[in-house]
Protein chains: 2
Amino acid sequence: MKLSTKGRYGIKAMVDIAMEYGTGRLSVNQLAEKQGVSVAYLEQLIAALKKAGLVTSTRGASGGYTLSRPPEEISMREVLTALEGSTAIVDCVGTEMGQSCENACSCSARPLWLKLQRRIDDVLQSTTIKDMADDYRIQQERNDNGNETSIS
Amino acid sequence: MKLSTKGRYGIKAMVDIAMEYGTGRLSVNQLAEKQGVSVAYLEQLIAALKKAGLVTSTRGASGGYTLSRPPEEISMREVLTALEGSTAIVDCVGTEMGQSCENACSCSARPLWLKLQRRIDDVLQSTTIKDMADDYRIQQERNDNGNETSIS
DNA sequence: ATATATCCTACTATTTTACTTGGAATTGTT
DNA sequence: AACAATTCCAAGTAAAATAGTAGGATATAT
C-alpha cells in the first residue's frame, strides 16, 4: 500500500511551488535541485499537475511554474489524484464510474475498504496545500533556530 | 497507493477461516475455490499468516487451517502486516526501527504522511476479524432474503 | 496403502515503476 | 538576429515488484 515516487516527489514539488505563491515562479531545474531528483523525471510529474490544472506554466527563459489557484483552495486530494490517477486503495472503491466490482455486495472485505478509503480521503480533502506550506515554514524556522544556537 | 492481491486475497481468506471458528477448519483447496484463486498462490499467502501466528494448521487428510486466537483478538492491522510486511504508506513513517528518513526533520511532506498513517492504523487496529465476520454474516443474510423475494 | 493435506523452495511471466533520451516550440536577454 | 533558458512532448529502456507456476517432500486420517 505504498505511495510511489510520483506522489512523493510531486507533492514536495507542489509545496515548493506554493512557497513562492504571490512572489514568483520556480523552474523544473530549481525544483529538481531542491529534491535531488532528475530534471527529466520531475518534468513528467509536473506535467501531470499542469494537466490537472493545478499549476500554470510560463515558457521560455526565466519561465517556470506557479499555482493556478490560491494554496488554500487546493486540497491534497486533488494533488494526489493528479499525480497517481486516484486515491483509491482498491479499484472497487474508486470514485470513477464503472469501478465497482461485480462481487461488491458479496465481498467480505469491502466494508473495510470503504472505511479505510473514507478516512484517507477525509485527511486528503481537509488538508490544503496552504496547510502544508505553513507547516513547512514553521518547521524550517525551528531548524534554523536550532542550528544557530548549536553553532554559537 | 493500491493494495496488492496478497492483502486482498489474504484478508478474504482470513475472514473465511474466521467463519468456521469454533466449528471446524478449511483447507487451502476450499479457500481457493471460494475465491476463484489458484491453490498454489493462496498457499503462499496462508503461509505468511501462519508464520505470523494468526492461523494454526493441521496436516494430512482432512487437515486445514483455523484461527489460532479468538477472532475478536485479531486486528486487521496484524493481518495486513502479516500479508504485506507493513501497513506503512511510505517507508519513512514505518514503525520498524531504522525506517525514519534522514531528511525527516526537513521534509515538507512528512506531516501529511504521519496524519494519513495514524488514521489508517486507527481503522486497522480497531477493526477485528470478528467485526469482519459479523458484517459478512449480516451481508449474506441480506443477500439471501433479497434473492428469495425476487424469485418468488 | 492411499488419498488428502500441509510445507517448502525455486523458477517464470507480467506489470508497474522509475527513470532516460532526443528533440521541437517558446520567450527573455544581449 | 542570435542565443540561452526554458516548457513541452513522445518514445524507449532498465529495474523492481507483483502475481503467479511447478515440483516435490512430509504428515496423517481412513
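Remember, it's a predicted structure, so these values are computed and weren't measured experimentally. (Residues numbered from 1 in each chain as written. Chains lettered and ligands numbered in written order. Predicted model: local features only at pLDDT ≥ 70, side-chain atom pairs only at ≥ 80, totals over all residues. Heavy atoms only, no water.)

**Quick word on the protein's contact with DNA strand C**
Link 1 in the chain: The full set close to DNA strand C counts 24 residues, and T5(A), S38(A), Q44(A), K50(B) and S57(B) are the nearest of them.
Link 2 in the chain: The sugar-phosphate backbone supplies 64% of the atoms of DNA strand C found within 4 Å of the protein.
Link 3 in the chain: Between DNA strand C and S38(A), the relevant distance is 2.8 Å, taken from a phosphate oxygen to a side-chain nitrogen or oxygen of the residue.
Link 4 in the chain: Counting residues per element, the ones that place at least two in the surface near DNA strand C are α1 (5-19) and α3 (39-51) of chain A together with α3 (39-51), β1 (55-58) and β2 (64-67) of chain B.
Link 5 in the chain: Here the surface near DNA strand C is composed, by residue class, of 7 nonpolar, 12 polar and 5 charged. (Near = heavy atom within 4 Å. Polar contact = N/O pair within 3.5 Å; in protein donor to acceptor, adjacent residues only side chain to side chain. Helix = DSSP H or I, 4+ residues; strand = E, 2+ residues; numbered from the N terminus. Nonpolar A, V, L, I, M, F, W, Y, C, P; charged D, E, K, R; others polar.)

**Some points on the packing of aromatic side chains**
All names here are of chain A.
Link 1 in the chain: A complete count under the given rule lists 2 aromatic pairs over all chains for this structure.
Link 2 in the chain: Judged by centre distance (6.2 Å) and plane angle (85°), the rings of Y9 and Y41 are edge-to-face. Of the two residues, Y9 is situated in helix α1 and Y41 in helix α3; the sequence distance between them amounts to 32 residues.
Link 3 in the chain: Residue class for Y9 comes out partly exposed when judged on its relative accessible area of 24%.
Link 4 in the chain: Exposure remark for Y41: the relative accessible area of 30% places this residue in the partly exposed category. (Phe/Tyr/Trp six-rings, centres within 6.5 Å; stacked < 30°, edge-to-face > 60°. Buried < 20%, exposed > 50% of the residue type's maximum accessible area, 1.4 Å probe, protein only.)

**Re α3(A)**
An α-helical segment advances 3.6 residues per turn. Residues three or four places apart therefore align on the same side.
Residues and elements named next belong to chain A.
Link 1 in the chain: Under the 1.5 Å per step criterion, the end-to-end length of α3 is 18 Å for 13 residues, consistent within 8% with the ideal 18 Å.
Link 2 in the chain: Contact partners of the buried residues in α3: α1, α2 (28-35), β1 (55-58), β2 (64-67) and α4 (76-84).
Link 3 in the chain: Just downstream of α3, G53 is the residue with a positive phi angle, here 75°. (Expected span 1.5 Å × (residues − 1). Contact = heavy atoms within 4.5 Å.)

**A closer look at the interface of chain A and chain B**
Quoted interface sizes are often the accessible area lost when the parts come together.
Link 1 in the chain: Counting residues at the interface gives 36 residues for chain A and 36 residues for chain B.
Link 2 in the chain: Roughly 3500 Å² of surface becomes buried between chain A and chain B when both sides are summed, with 66% attributable to carbon and sulfur atoms.
Link 3 in the chain: Interface area lost by chain A to chain B is led by M1(A), K2(A) and S108(A), which between them contribute 22%.
Link 4 in the chain: Joining chain A to chain B, the criterion identifies 2 salt bridges.
Link 5 in the chain: D91(B) is paired through a salt bridge with K2(A); the nearest N and O atoms lie 3.7 Å apart.
Link 6 in the chain: For the side of chain A that touches chain B, the elements supplying multiple residues, two or more each, are α1, α4, α5 (110-126) and α6 (129-151) of chain A.
Link 7 in the chain: The biggest single contributor to the side of chain A that touches chain B is α5(A), with 9 residues.
Link 8 in the chain: Split by residue class, the side of chain A that touches chain B holds 21 nonpolar, 7 polar and 8 charged. (Buried area = accessible area lost by both parts, 1.4 Å probe. Salt bridge = Lys/Arg side-chain N within 4 Å of Asp/Glu carboxyl O.)

**Regarding the nonpolar core**
Link 1 in the chain: Ranked by size, the top nonpolar core spans 84 residues in total, and within it I11(A), W113(A), I11(B) and W113(B) carry the most contacts.
Link 2 in the chain: With near-sequence residues (within four places) excluded, W113(A) lies in contact with I89(A), V90(A), C92(A), V93(A), L3(B), R8(B) and I11(B). (Core = buried A, V, L, I, M, F, W, Y, C linked by side-chain atoms within 4.5 Å.)

**With respect to the environment of Y21(B)**
Link 1 in the chain: Tracing the sequence through the fold places Y21(B) in the loop between α1 (5-19) and α2 (28-35).
Link 2 in the chain: The sequence separation of Y21(B) and L67(B) amounts to 46 residues, and the corresponding C-alpha distance is 6.6 Å.

**Here we look at a positive patch on the surface**
Link 1 in the chain: A contiguous patch of positive charge on the surface is contributed by K115(A), R118(A), R119(A), K115(B), R118(B) and R119(B).
Link 2 in the chain: When contributions to the positive patch are tallied by element, the ones reaching two or more residues are α5 of chain A together with α5 (110-126) of chain B.
Link 3 in the chain: Within the secondary structure layout, R119(A) lies in helix α5. (Patch = residues over 30% accessible without salt bridge, like charges linked within 9 Å, V, L, I, M, F, W, Y side chains within 5 Å. Areas by Shrake-Rupley, 256 points an atom, 1.4 Å probe, with all protein chains shown as cover. Lys, Arg positive; Asp, Glu negative; His and termini not counted. Charge placed at Lys NZ, Arg CZ, Asp CG, Glu CD.)

**As for unusual backbone geometry**
Leave glycine aside and you will find that most residues have negative phi; peptide bonds, for their part, are mostly trans.
Link 1 in the chain: Residues other than glycine seldom take positive phi values, yet S62(A) does so here, at roughly 60°.
Link 2 in the chain: If you trace the backbone, S62(A) turns up in the loop between β1 and β2.

**Focus: the protein's contact with DNA strand D**
Link 1 in the chain: Lining the immediate surroundings of DNA strand D are 23 residues, of which K50(A), S57(A), Y65(A), Q44(B) and R59(B) lie closest.
Link 2 in the chain: Each atom of DNA strand D within 4 Å of the protein belongs either to a base or to sugar and phosphate, the latter forming 64%.
Link 3 in the chain: Between DNA strand D and S57(A) there is a distance of 2.4 Å, counted from a phosphate oxygen to a side-chain nitrogen or oxygen.
Link 4 in the chain: Taken together, the residues of the surface near DNA strand D sort by class into 6 nonpolar, 12 polar and 5 charged.

**Observations concerning the side chain of S108(A)**
Link 1 in the chain: Structurally, S108(A) is set in the loop between α4 and α5.
Link 2 in the chain: Residue S108(A) is classed as buried on the basis of its relative accessible area of 5%.

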